[in-house]
Amino acid sequence: MKKLINSPETVVTDALQGVAAAHPSLSVDVENKVITRAGGPRSGKVGLVSGGGSGHEPLHGGFVGYGMLDAACPGEVFTSPVPDQMLAATRAVNGGAGVLHIVKNYTGDVLNFQMAAEMAEDDGIEVAPVVINDDVAVQDSLYTAGRRGTGATVLVEKIAGALAEEGADLAAVAAVAREVNERSRSFGVALSSCVVPAAGKPTFELGEAEVELGIGIHGEPGRTRAALTSARELAAVALDAISADMPVGDDLLVMVNGMGGTPLIELYIMFNEVRKYLEARGTNVARNLVGNYITSLEMQGFSVTVCQLTDPLIRLWDAPVDTPALRWGR
């Protein structure tokens, strides 16, 4: 195992110290593993909290800032954060208008966020949870009851974050978060495994000419293994699966996301094939993201997320955002 670390035991805390040093716009509690915006909560604004296992950077800490999250709770690598972290984050961002919990659908995340919400409500903080379950690849998989939460998490954080920034109430912010989740679908493909530092070896083995179709962001198996083929054909596999679950049409937001080890040149190739597939079927790619937004350590591969847009969702997507990993309009 070759990794730029000091020890497997200190990966997350060492990284959090680096985040704190690199981004003065963030306040990083290294001991309790909570990242918030510097300056504390804004009175009357709904707070947005998300979190999950580390190893998916920039998710979630890279999306803390104006127009997105107010706080993120990083767990150990591929391990849910604990309820005390989530409670501390919820308290830290409470500006009196309630707090939205954005929860990827993994069993540990869901249970721990639920416990944190109950404790926060005992403190008099109103909490609304939204569970993200956009992955069409598999149902009731390892770690998950129901569908996994993947790329739509980024879209929900951005769009709900924009509405919260405008001063909308908790019910409205939660409603738009649920709407984005319902309008979004994702599918991932792996060309290689990743290596969890504590394990020191690949999570799974793939042959030189094999790919895993429908992979999860923790290395969970997908639908099937198949022979490595062209970018065009892999784009079609992903979009065929998405289209079979949710007919795509009109204006779409499309994210072609790298899993951590895929060169950007290849992601642009994939995006071009995704665009051609969709446009050939009469769909307009109105907005896009291409890059590493929700990764799986150094895994080679990609995921495609599509969201059916409306004019109000486009307006919120275009609204200013200023975070370490996503920034425009300010």
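Going by the structure above, here's the rest.
Per chain, residues are indexed from 1 in the order of the written sequence. Note on the predicted model: pLDDT of at least 70 is required for a residue's local features to be given, and 80 or more for side-chain atom pairs to be given and counted; whole-chain, interface and lining totals, by contrast, use all residues. In computing side-chain properties, one takes all heavy atoms of the structure into account and sets aside hydrogens as well as water.

Draft legend 1. Molecular detail of the pairing of strand β3 (residues 47–54). Along β3, 8 of the 8 residues are buried, which leaves the element largely enclosed by surrounding structure. Only strands that DSSP links by at least two bridges are regarded as paired with each other. Only DSSP runs of H or I covering at least 4 residues are called helices, and only runs of E covering at least 2 are called strands; the numbering of each starts at the N terminus. Bridging between β3 and strand β5 (residues 99–104) involves 4 bridges; their strand directions are parallel. By the bridge assignment, Leu48 is partnered in β5 with Leu100. Buried, partly exposed and exposed residues are distinguished by accessible area as a fraction of the type maximum, computed with a 1.4 Å probe on protein chains only: under 20%, between the cut-offs, and over 50%, respectively.

Draft legend 2. Structural detail: the sheet that holds strand β8 (residues 210–213). Taking strand neighbours across the sheet as the criterion, the 6 strands line up as β9-β8-β7-β12-β10-β11 in an open arrangement whose pairing is mixed. Edge positions in the open sheet fall to β9 (224–227) and β11 (284–291), since each of these has one partner strand only. The mean angle between the axes of side-by-side strands here comes to 20°, regardless of whether they run parallel or antiparallel. In this sheet, β8 lies alongside strand β7 (residues 184–190) in antiparallel orientation, the contact comprising 2 bridges. Helix axes are fitted to C-alpha atoms over the stretch in contact, other axes to C-alpha atoms as well, and angles between N-to-C directions run from 0 to 180 degrees.

Draft legend 3. Structural detail: the pattern of salt bridges. Any Lys or Arg side-chain nitrogen located within 4 Å of an Asp or Glu carboxyl oxygen qualifies as a salt bridge. Counting across every chain of the model gives 20 salt bridges. Two residues, Asp135 and Arg148, come together in a salt bridge whose shortest N-O distance is 2.6 Å. Here Asp135, found in the loop between β6 (127–132) and α4 (152–165), pairs with Arg148, found in the loop between β6 and α4; they are 13 residues apart in sequence, far enough to count as distant. Residue Arg148 is classed as buried on the basis of its relative accessible area of 0%. Where Asp245 meets Arg147, a salt bridge forms, and the shortest distance between an N and an O atom there is 2.3 Å. Placement of the pair is Asp245 in helix α6 (residues 231–245) and Arg147 in the loop between β6 and α4, with a sequence separation of 98 residues. On the basis of relative accessible area, Asp245 is assigned to the partly exposed category, the value being 30%. Connected via shared salt-bridge partners are Arg37, Arg42, Lys45, Asp70 and Glu165.

Draft legend 4. Summary view of empty space enclosed by the protein. For cavity detection a 1 Å grid was placed over the protein atoms alone, and a set of points counts as a cavity when a 1.4 Å probe fits there but cannot get out; an open set counts as a pocket when protein lies on both sides within 12 Å along at least five of seven lines, with lining residues being those that have an atom within 4 Å of a point. Grid points are joined across faces, edges and corners, and a volume is the space filled by probe spheres set on the points. Following the criterion strictly, the structure yields 1 cavity of 30 Å³ or more and no others. As a volume, the largest cavity reaches approximately 50 Å³. Around the largest cavity, the lining residues are Asp135, Thr150, Ser186, Phe187, Gly188, Ile215, Gly216, Ile217, Met259 and Ser303. Considering every element that reaches the lining of the largest cavity, the biggest residue donor is β7, with 3 residues. By residue class, the composition of the lining of the largest cavity is 4 nonpolar, 5 polar and 1 charged. Only Asp, Glu, Lys and Arg are considered charged, only Ala, Val, Leu, Ile, Met, Phe, Trp, Tyr, Cys and Pro nonpolar, and every remaining residue, Gly among them, polar.

Draft legend 5. Summary view of the packing of α4 against helix α8 (residues 311–318). Relative orientation of the contacting elements α4 and α8 amounts to 90°, with a least axis distance of 8 Å. When the axes of α4 and α8 are compared, the pair comes out roughly perpendicular. Residues Leu155, Lys158, Ile159, Ala162 and Leu163 of α4 form the contact with α8, whose own contacting residues are Leu313, Leu316 and Trp317. When its residues are assigned to classes, the contact of α4 with α8 shows 7 nonpolar, no polar and 1 charged. If an angle is under 35 degrees, it is roughly parallel; if it is over 145, roughly antiparallel; if it lies from 65 to 115, roughly perpendicular; otherwise it is oblique. Throughout, a contact is declared for two residues whenever any of their heavy atoms are within 4.5 Å.

Draft legend 6. Broad picture of the nonpolar core. The nonpolar core is taken to be a set of buried Ala, Val, Leu, Ile, Met, Phe, Trp, Tyr and Cys residues, with the residues joined through side-chain atoms within 4.5 Å. One finds Leu48, Phe63, Leu100 and Val173 to be the most contacted residues of the largest nonpolar core, which totals 62 residues. Here this core takes 9 residues from α4, the largest share from any one element. Residues within four places of Val173 in sequence aside, it is in contact with Val46, Leu48, Leu100, Ala160, Leu163, Ala164 and Ala168. With 29 residues, the next largest nonpolar core counts Phe187, Val248, Val290 and Val304 among its residues.

Draft legend 7. Structural detail: the environment of Met115. Mapped onto the fold, Met115 is located in helix α3 (residues 107–122). Sequence-wise, Met115 and Leu87 are 28 residues apart; in three dimensions their C-alpha atoms are separated by 8.7 Å.

Just distances and angles here, no functional claims.
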